[in-house]
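# A closer look at the structure
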Amino acid sequence: MALDLIIKNGTVVDGSGMPRYRADVGVEGGRIVEIGRIRAAAERTIDADGLIVAPGFIDGHTHMDAQVAWDPIGSCSCWHGVTSVVMGNCGFALAPCKPEDREWFARCLTAVEDIPTEAMLAGIEWNWETFPEYLANVERLPKALNYGMYIGHSALRMYAMGRRGLEETATEDDLRAMAHAVAEAVRAGAMGFSTSRATTHITPDGAPVASRIAAWEEIDRLVGAMAELDSGIFQIGPDISGGEAQRVFLERLRRVALDTGRPIMFGTLATKQGKDPNPWDYQMRWLDETVAQGGRVWGQATTRSINAIFSLKSYLPFDQLPGWREIRALPLDEQKARLRDPEVRRRLVAEEANMKPKGAEMQGGGAATTDPRKPDYANLFPMFDVDWDDPSVADLAKAQNKHPVEIIIDLALENDNRVFVQPLVNESPDDVLGLLKHPRSLATFSDSGAHVCQEMGSSLQTHLLSYWVRKRQQFTLEEAVRMLTFDNASAWELPDRGLVRTGYAADLVVFDEDRIRPRLPTVEQDLPGGARRLVQKADGIAATIVNGAVAFENGETTGNYAGEVLKGRLAKRA
Ligand SMILES: [Zn+2]
């Protein structure tokens, strides 16, 4: 009997953390059926001599909810070895949603996550209202990756309460309706329920998003609705606006963890922003203490700094200044011509002195790009390479005896694809390493699908393998692969993914451990309606297999869309 696919002569890093070994991997009916020296014939063979064969990577923190409607390949995550994502994080989801609220939803997602409204209105066929209907819609969509999803609190609150959800405390009737919808979603296959209390999450009017209006008792009730079903994960965008705010937030969250017993996840970050920020290990101690008291909690850690990204083709920090605004409205070529004019340059450089100084407020990728403060040039880096060792704009200005704004103009003119990164959180590699080394942190949190022109986290997997494994040698390849696969599959309770093991889904990534590496990001105009976004690809990945189908070869889609919806435990029983 011929197998569907054999990956021959590769070195298996199986996701468990166990040492690597040479073996062929045989695939049949979307599953791994044989591992070892395989003599059977196969319809398709991939020669993986000299390459690593690992489980496909799993990213549990994305915002692909809108993008999945128009982008069957699942970019940019798909270019970094990812085969499964979870979306609907931080309370932002597209379901449940009443028809009259669609445009408002789209505008909220634009305000918070920088997903262009025009792309959403042009690219989405809104044919759902409830969460189960949305899930069924995703099930029908052609998709190269597997998608799990939460029911999102901001969506749910608007659904149950209308515009009152943006201002008012929920009534008993509201709570009952929301708890019912959470239970319905979890039964239909939601991975759980998500919310946000992050001060960076605001509506188009600058007001808090709906989930931030909720009293904690509402969260108790909705996580409680999952507890009654013994199913569902609770994900929450944390308040990190300052040290005291974070301590109050985490104290209250601990009560939810202990009272409900549901698994809880939130982003663990190292930050120097905000008022008297806590040291990063404060969160890790909280995780350990909460688990010691009987809770089940994880931190989500990305593998590098989270940056506001600037470029000539997207945002520059100076765009809001009157003289700049006038030039930035011109076509790119005309902008460049003006930026070369010495007189114009002098004016533009001088105007920078009028920028608002940065105070203690916490700025996320949104405000940092659309309402930027005067840059700290020691914390602004032209990206010459992806290895986290570029000189700062301040360094370059000093070395060349120029104003920092001139440095930015020069570098942007030299290469209009050049991006500049301003770390917002996780500024120090050592802090990031501490977060990643903690056994209760998960390597995830790309925010893929969001902040499309403001941040670029989709390369977190290839960055872990190229920077932390190969360059810094802080993890063995086996450890890093386990972090991206088995650990995440375990945390999200995906029963048959995250390992190269017979009987498991054939989600596999075949890569060169000496070459795998993110490329530099670029700004492209490839969204529906021609909207722009940051795109980042990677080198060194030979093939990505999803549910037994070869989905990507050397970074190019094969047109095989074998992705599935990842459902929580209750749906599988049905
Ligand atoms: Zn998020």
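Cut-offs used in this document
- Residues numbered from 1 in each chain as written.
- Predicted model: local features only at pLDDT ≥ 70, side-chain atom pairs only at ≥ 80, totals over all residues.
- Heavy atoms only, no water.
- Buried < 20%, exposed > 50% of the residue type's maximum accessible area, 1.4 Å probe, protein only.
- Helix = DSSP H or I, 4+ residues; strand = E, 2+ residues; numbered from the N terminus.
- Pairing = 2+ DSSP bridges.
- Donors = N, O, S within 2.8 Å, 3.2 Å for Na, K, Ca; no water.
- Core = buried A, V, L, I, M, F, W, Y, C linked by side-chain atoms within 4.5 Å.
- Contact = heavy atoms within 4.5 Å.
- Polar contact = N/O pair within 3.5 Å; in protein donor to acceptor, adjacent residues only side chain to side chain.
- Disulfide = S-S within 2.5 Å.
- Lys, Arg positive; Asp, Glu negative; His and termini not counted.
- Salt bridge = Lys/Arg side-chain N within 4 Å of Asp/Glu carboxyl O.
- Phe/Tyr/Trp six-rings, centres within 6.5 Å; stacked < 30°, edge-to-face > 60°.
- Lys NZ or Arg CZ within 6 Å of the ring centre and 35° of its normal.
- Axes fitted to C-alpha atoms, helices over the stretch in contact; angles between N-to-C directions.
- Parallel < 35°, antiparallel > 145°, perpendicular 65-115°, else oblique.
- pLDDT = per-residue confidence, 0-100.

So, about the pairing of strand S8 (residues 146–152). For S8, the buried fraction is high: seven of the seven residues fall into the buried class. Burial along S8 is two-sided: Asn146, Gly148, Tyr150 and Gly152 and Tyr147, Met149 and Ile151, pointing in opposite directions, are all buried. Examined bridge by bridge, strand S7 (residues 82–87) and S8 share four bridges and lie parallel to one another. Bridge pairing in S8 places Val85 opposite Tyr147. Sheet analysis places S8 next to strand S25 (residues 565–566), joined by two bridges and oriented parallel. What sits directly across from Tyr147, in S25, is Val565.

Another aspect to go through is the coordination of the zinc ion. The protein atoms that coordinate the zinc ion are His61 (NE2), His63 (NE2), Cys90 (SG) and Asp447 (OD), at distances of 2.2 to 2.7 Å. One chain supplies every donor for the zinc ion, spaced along it as H-x1-H-x26-C-x356-D. With Cys90 in the loop between S7 and helix H1 (102–113) and Asp447 in the loop between strand S16 (441–443) and helix H17 (460–471), this residue pair connects regions lying 357 residues apart in the sequence. The class of Cys90 is buried, set by a relative accessible area of 6%. Residue Asp447 is classed as buried on the basis of its relative accessible area, which comes to 13%.

Once that is clear, we can look at the sheet that holds strand S13 (residues 306–311). Strand pairs in the sheet, formed through backbone hydrogen bonds, run parallel or antiparallel to each other. Ordered by their spatial adjacency, three strands build an open sheet running S13-S15-S14, and the pairing between neighbours is antiparallel. Each edge of the open sheet carries a strand with a single partner, namely S13 and strand S14 (381–382). Relative to strand S15 (residues 419–425), S13 runs antiparallel, the two sharing six bridges. The residue of S15 that forms the bridge with Ile309 is Val421.

With that settled, consider the nonpolar core. Looking at soluble globular proteins, one finds that nonpolar side chains tend to be buried together. Judged by nonpolar contacts, the single largest core of 154 residues is most densely connected at Phe234, Leu253 and Phe511. Considering each element in turn, this core owes the most residues, eight residues, to helix H5 (residues 172–188). Apart from residues no more than four positions distant in its own chain, Phe234 is found in contact with Phe193, Thr195, Ile219, Val223, Met226, Leu253, Val256, Pro263, Ile264 and Met265. Ranked by size, the runner-up nonpolar core spans 20 residues in total, among them Ala48, Tyr504, Ala506 and Ile545.

Time to look at the side chain of Arg373. One can find Arg373 in the loop between helix H13 (365–370) and S14. For Arg373, the side chain forms a polar contact with the side chain of Asp371, separated by 3.1 Å. Not counting residues up to four positions away in its chain, the partners in contact with Arg373 are Met355, Lys356, Pro357, Lys358, Glu361 and Gln363.

Let us now look at helix H18 (residues 477–484). Where burial is concerned, most of H18 is hidden: six out of the eight residues are buried. Three or more residues of H18 are buried, namely Leu477, Glu478, Ala480, Val481, Met483 and Leu484.

This part covers the environment of Asn9. With respect to the secondary-structure elements, Asn9 resides in strand S1 (residues 3–12). Asn9 sits 38 residues away from Asp47 along the chain, and the two C-alpha atoms are 6.4 Å apart. If sequence neighbours within four positions are ignored, Asn9 has contacts with Arg22, Ala23, Asp24, Asp47, Ala48, Asp49 and Gly50.

Another point: unusual backbone geometry. A cis amide bond links Ser75 with the next residue in sequence, Cys76, at an omega value of 5 degrees. Within the secondary structure layout, Cys76 lies in the loop between strand S6 (57–59) and S7. At the junction of Ala95 and Pro96, the peptide bond is cis and its omega measures out at -5 degrees in the coordinates. For Cys90, which is not a glycine, the phi torsion comes out positive at approximately 60 degrees. A positive phi angle is found at Asn554, which is not glycine, with a value near 45 degrees. Locating Asn554 in the fold gives a position in the loop between strand S23 (549–553) and strand S24 (556–557). The exposure class of Asn554 is exposed, given its relative accessible area of 61%.

Let us now look at the state of the cysteines. Taken as a whole, this structure holds zero disulfides when the rule is applied. Counting only cysteine sulfurs, Cys108 is the nearest neighbor of Cys97, a cysteine outside any disulfide, at a range of 10 Å.

Relative to the helices and strands, Asp239 is located in the loop between strand S10 (233–237) and helix H8 (243–260). Here Asp239 occupies a buried position and makes no salt bridge, while the nearest side chain of opposite charge, Arg197, is found at 6.8 Å. A polar side-chain atom of Asp239 sits 2.7 Å from a polar atom in the side chain of Ser241. Excluding anything up to four places from it in sequence, Asp239 contacts Arg197, Ala198, Thr199, Ala245, Gln246 and Phe249.

Attention shifts here to the packing of aromatic side chains. According to the stated counting rule, one finds 10 aromatic pairs in the structure shown. Aromatic rings pair up to connect Trp126, Trp128 and Tyr134 into one cluster. If you follow Lys98 out to its NZ or CZ, it ends over the ring of Tyr159, 5.0 Å from the centre.

Here we come to the packing of helix H14 (residues 393–400) against helix H15 (residues 404–414). Here H14 crosses H15 at 100 degrees, and the two axes come no closer than 8 Å. Compared by their axis directions, H14 and H15 come out roughly perpendicular. Between H14 and H15, the residues in contact are Val393, Leu396, Ala397 and Gln400 and Pro404, Ile407, Ile408 and Leu411, respectively.

So, about the confidence of the model for the protein chain. Mean pLDDT for the protein chain: 94, with 99% of residues reaching 70 or above. Averaged over each element, pLDDT in the protein chain is lowest for H13 (75) and highest for strand S5 (residues 52–55) (99).

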